[in-house]
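The primary structure of each chain is shown beneath.
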Amino acid sequence: MNIVQNILKYDKQEETAITIGTFDGVHIGHRMILERLISHTENTPLKSTLITFFPHPRIVLQKDSDIKLLTTIDEKTKILENLGLDQLIVHPFTKEFSRLSATEFVRDLLVNKLKAKKIVIGYDHRFGRNRNANINDLITFGSTFGFAVDEIPAQEIDEISVSSTKIRRALEEGDIETANAYLGYPYMLTGVVKKGKGLGRQLNFPTANIFIEESYKLIPTNGVYVVNAEINGTLVSGMMNIGHNPTVNDTQNASIRGNIEVHFFDFDQNLYDQTIQINILHRIRDERKFDSVEALKTQLTKDKETSRQFLSS
């Protein structure tokens, strides 16, 4: 997949079939659109092209936006690379870019720069300064500039919207099975392994403390989860705690978002400063405090057994 970080840097001469959107999560609804897009390029010279934006437009345009996203830009790119798309264009979303008129956006970027011949887009898509242009305007532009518009009907777009809403709600409620079903893959957290307090190692449950730099990334609700991760080419299973360090009478929170600690089974390697992707498979229980270190250790042993049973089933 050809990846371009700015439309203005695009310099290829091939004609394209395009879809546009944030595609947060690249869930099963999004994939229906991408499959539709790719189908338009089969047995043609057209290059299937997704235009997405970073940062998310709401983060730029709504000063107090607290939107949490299902995927970081790197995670989104990684997912898209496996879907058969020819090209991904990640365009920087700025206030200046948002002020482009609909005509400037279509004529200068989609037509002159990307040589669009087909645009696959939802019936409710709006674009241009103040989002004042709609699907009918795009169809009119198509007649003027020589591209066709494939309009995705309301029912399909509504299903995609429901999917995104359900995924976020499910993650906030700890319903990993529902979230993963709508995503079509295990929800992921990607971060750098940092040194922690070392309590896990003292309890014979050493943990990798995962630091996620992107503050906009949606973290599931606190609790204990069954996970896996590919580390140095090997798939390793484990259990993860999201929360505020459930140690005995511990009231010091290292992060407002909570800590992410993973104990990998049958694994003993130094992971400090490595970036790893944690795939979340199942939620075991809520996070809680314990009356003693021994009680905590006993619970961790039970959690490990529960995790292994889930993995074996």
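Let us look at the structure shown here. (Residues numbered from 1 in each chain as written. Predicted model: local features only at pLDDT ≥ 70, side-chain atom pairs only at ≥ 80, totals over all residues. Heavy atoms only, no water.)

Once that is clear, we can look at the sheet that holds strand β3 (residues 47-54). Taken together, 6 strands build an open sheet; the order of strands is β1-β4-β3-β2-β5-β6 and the sheet is parallel. Looking along the sheet, the strands with just one partner apiece sit at the ends: β1 (2-4) and β6 (148-152). Across the sheet, the mean angle separating the axes of adjacent strands is 20 degrees when strand polarity is ignored. Pairing of strand β2 (residues 16-20) with β3 involves 5 bridges; the strand directions are parallel. When the bridges of β3 are listed, Ile18 appears paired with Thr49. Docked against the sheet, helix α6 (residues 135-145) engages β5 (116-122) and β6, running at close to 160 degrees with respect to β6. (Pairing = 2+ DSSP bridges. Helix = DSSP H or I, 4+ residues; strand = E, 2+ residues; numbered from the N terminus. Axes fitted to C-alpha atoms, helices over the stretch in contact; angles between N-to-C directions. Contact = heavy atoms within 4.5 Å.)

With that out of the way, let us pick up the side chain of Asn209. Along the polypeptide, Asn209 turns up in strand β8 (residues 208-211). Relative accessible area serves as the criterion here: at 14%, Asn209 is assigned to the buried category. Leave out the neighbours within four places in its chain, and Asn209 touches Val192, Val193, Lys194, Lys195, Gly196, Ile260 and Glu261. (Buried < 20%, exposed > 50% of the residue type's maximum accessible area, 1.4 Å probe, protein only.)

Side chains of nonpolar character tend, in soluble globular proteins, to be buried together. If you look at the biggest cluster of nonpolar residues, it comprises 51 residues, and the most contacted ones within it are Leu189, Ile210, Met240, Phe264 and Ile278. Broken down by element, this core gets its largest block of residues, 5 residues, from helix α7 (residues 154-173). Beyond its immediate sequence surroundings of up to four residues, Ile210 is in contact with Gly191, Val192, Val193, Ile260, Val262, Ile276 and Ile278. Grouped together as the second largest cluster of nonpolar side chains are 27 residues, Tyr10, Ile51, Phe105 and Phe127 included. (Core = buried A, V, L, I, M, F, W, Y, C linked by side-chain atoms within 4.5 Å.)

Let us now look at the packing of aromatic side chains. Within this structure, the stated rule accounts for 9 aromatic pairs. With 6.3 Å between their ring centres and 45 degrees between their planes, Phe105 and Phe127 make a pair best called tilted. Here the residue Phe105 occupies a position in helix α5 (residues 102-113), and Phe127 occupies one in the loop between β5 and α6, the gap between them amounting to 22 residues. Taking the relative accessible area as the measure of exposure, Phe105 reaches 7% and is therefore buried. When the ring of Phe264 is compared with that of Phe267, the centres are 5.7 Å apart and the planes differ by 70 degrees; the resulting orientation is edge-to-face. As far as the burial class goes, Phe264 and Phe267 line up, both buried. Three or more aromatic residues joined by ring pairs make a cluster, and in this case those are Phe53, Phe93, Phe97, Phe105, Phe127, Phe141 and Phe145. (Phe/Tyr/Trp six-rings, centres within 6.5 Å; stacked < 30°, edge-to-face > 60°.)

For the rest of this paragraph, the subject is the pattern of salt bridges. Pairing between side chains of opposite charge can happen when their charged atoms approach one another. One pass over the structure, following the stated rule, counts 8 salt bridges. One salt bridge in this structure joins Arg168 and Asp24, with 2.6 Å as the shortest N-O distance. Of this pair, Arg168 sits in helix α7 while Asp24 sits in the loop between β2 and α1 (28-39), and the two are 144 residues apart along the sequence. The class for Arg168 is partly exposed, based on a relative accessible area of 22%. (Salt bridge = Lys/Arg side-chain N within 4 Å of Asp/Glu carboxyl O.)

In this section: the pairing of strand β12 (residues 275-285). Along β12, 8 of the 11 residues are buried, which leaves the element largely enclosed by surrounding structure. Note that strand β9 (residues 223-231) and β12 share 5 bridges and pair antiparallel. The partner of Tyr225 across the bridge, within β12, is Arg283.

Let us look at the environment of Ala17. Among the secondary structure elements, Ala17 is positioned in strand β2. Given a relative accessible area of 0%, Ala17 falls into the buried group. Separated by 24 residues in the primary sequence, Ala17 and Thr41 have C-alpha atoms spaced 6.8 Å apart.

The strands that make up a sheet pair up through hydrogen bonds in the backbone, lying either parallel or antiparallel. Pairing is antiparallel around the closed barrel formed by 6 strands, whose spatial order is β7-β8-β11-β10-β9-β12. Pairs of neighbouring strands in the sheet enclose a mean axial angle of 45 degrees, with direction left out of account. As defined by bridge partners, β9 adjoins strand β10 (residues 234-243) across 9 bridges and the pair is classed as antiparallel. By the bridge assignment for β10, Tyr225 is matched with Met240.

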